[in-house]
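Architecture and fold: a report
Spelled out, the chains give:
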Amino acid sequence: MRRALLVVDMQRVYMEKKVYRREDMLAAVGQALAEFRETGDPIVFVRHCGALSPRGTPGWEVHPALDRRTGDLSVEKEHGDAFDGTGLASLLREADVGEVLVCGLVSHGCVRATCLGGLSAGFRVTLLKDGHSTWTRDAEARIRGTEEELAA
């Protein structure tokens, strides 16, 4: 079984906010991208389509600091969980993926929901250390709380 990297909602409109420890998150995600490229395991960029990020607008695009390439997979979602109504589970199973590494925005929202969705779909799920964040006033507590919940 292979593993896949799920990069959740790291789109221009969200990355332009005051993301807590933004540079640390970008470094962790960048390192994960490099490792997955080296192994040839799938990378999936997940983009949220909503009021702040309408499909096809500049803010909807993946942030340019990320190394997105032509062969990378892409999933568009309208709910927090990237597995909800997107065909992501089938896409991963077709690629013989049994484990996902999740990173992106926001820790207590779409990242958490995608981790729980992956577990419900039968995948082993790992949250990337320092690879997720938020822009809320209580960001550190939200991040820590999400990590503790998902580690249980």
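Heads up: the structure comes first, above all this text.
Residues numbered from 1 in each chain as written. Predicted model: local features only at pLDDT ≥ 70, side-chain atom pairs only at ≥ 80, totals over all residues. Heavy atoms only, no water.

1. A closer look at the overall build of the protein chain
In plain terms, the rule: Only DSSP runs of H or I reaching four residues or more are called helices, and only runs of E reaching two or more are called strands; each is numbered from the N terminus. Atoms counted for the radius of gyration: C-alpha only. Globule rule: 2.2 Å times residue count to the power 0.38. We call two residues contacting when some pair of their heavy atoms lies within 4.5 Å. Method for areas: the Shrake-Rupley scheme with a 1.4 Å probe, in which residue coverage is limited to the protein chains shown.
When helices and strands are counted, the protein chain shows 5 helices and 5 strands. Each helix (α) and strand (β) of the protein chain, taken in turn from the N terminus, gives the series β-α-α-β-β-α-β-α-β-α. Rg of the C-alpha trace for the protein chain: 14 Å, near the compact-globule value of 15 Å for 152 residues, within the 12% margin. Along the three orthogonal principal directions, the C-alpha set of the protein chain runs to about 40 × 35 × 30 Å. In the protein chain, of all internal contacts separated by at least 6 residues, the share reaching a separation of at least 24 is 77%. In the structure as shown, the protein chain presents an accessible area of about 7600 Å², 48% of it carried by carbon and sulfur atoms.

2. Points about the packing of helix H4 (residues 107-120) against helix H5 (residues 139-151)
Heads up, the rule is: Structural elements are reduced to axes, namely lines fitted to C-alpha atoms, with helices fitted over the stretch in contact, and the angle between N-to-C directions of any two is expressed from 0 to 180 degrees. Should an angle lie under 35 degrees it is considered roughly parallel, over 145 roughly antiparallel, and from 65 to 115 roughly perpendicular; all remaining angles are considered oblique. By definition, any crossing whose near helix is turned counterclockwise from its far helix by less than a right angle is left-handed, and any crossing with a clockwise turn is right-handed. Each residue is assigned to one class: nonpolar for Ala, Val, Leu, Ile, Met, Phe, Trp, Tyr, Cys and Pro, charged for Asp, Glu, Lys and Arg, and polar for all the others, Gly among them.
Close contact between H4 and H5 brings their axes to 10 Å; oriented N to C, the two are set at 15°. Taken together, H4 and H5 sit at an angle that is classed as roughly parallel. Every pair of crossing elements has a handedness; the one defined by H4 and H5 is right-handed. Residues Ser107, His108, Arg112, Cys115 and Leu116 of H4 form the contact with H5, whose participating residues are Arg142, Ile143, Thr146, Glu149 and Leu150. Taken together, the residues that form the contact of H4 with H5 break down as 4 nonpolar, 3 polar and 3 charged.

3. Overview of H5
Here is the rule: Every helix has an expected span of 1.5 Å times one less than the residues it contains. For the exposure calls, accessible area comes from a 1.4 Å probe over protein chains only, and a residue counts as buried if that area is under 20% of its type's maximum, exposed if over 50%, partly exposed in between. Each C-beta atom gives one direction from the helix axis, and the arc is the one those directions make.
Taking 1.5 Å of rise per residue, 13 residues should cover 18 Å, and H5 covers 18 Å from first to last C-alpha, within 8% of that figure. By the burial criterion, the buried members of H5 are Ala139, Ile143 and Thr146. Viewed end-on, H5 has its buried residues packed into an arc of 65°, placing them on one side of the element. In this structure, H5 carries Glu148 and Ala151 as exposed residues pointing more than 90 degrees from its buried face. In this structure, the buried residues of H5 make contact with H4 and strand S5 (124-133).

4. Brief notes about H4
Spanning 14 residues, H4 covers 18 Å between terminal C-alpha atoms, matching the ideal 20 Å at 1.5 Å per step. Taken together, the buried positions of H4 are Ser107, Cys110, Val111, Thr114, Cys115, Gly117 and Gly118. Gly122, located one to two residues past H4, shows a positive phi value of around 95°.

5. Observations regarding the side chain of Thr134
Turning to its location among the elements, Thr134 is positioned in the loop between S5 and H5. Among all residues touching Thr134, those that are not within four sequence positions of it are Lys18, Val19, Tyr20, Leu105, Val106, Ser107, His108, Ala139, Arg142 and Ile143.

6. Focus on the packing of aromatic side chains
For clarity, the cut-off: By convention, a stacked pair of Phe, Tyr or Trp rings (six-membered ring in the case of Trp) has centres within 6.5 Å and planes under 30 degrees apart, an edge-to-face pair has planes over 60 apart, and any other such pair is tilted.
Within this structure, the stated rule accounts for 2 aromatic pairs. Judged by centre distance (6.0 Å) and plane angle (5°), the ring pair of Tyr14 and Trp135 falls under stacked. Here Trp135 lies in the loop between S5 and H5 and Tyr14 lies in helix H1 (residues 12-15), a separation of 121 residues in the sequence. For Trp135, a relative accessible area of 30% translates into the label partly exposed.

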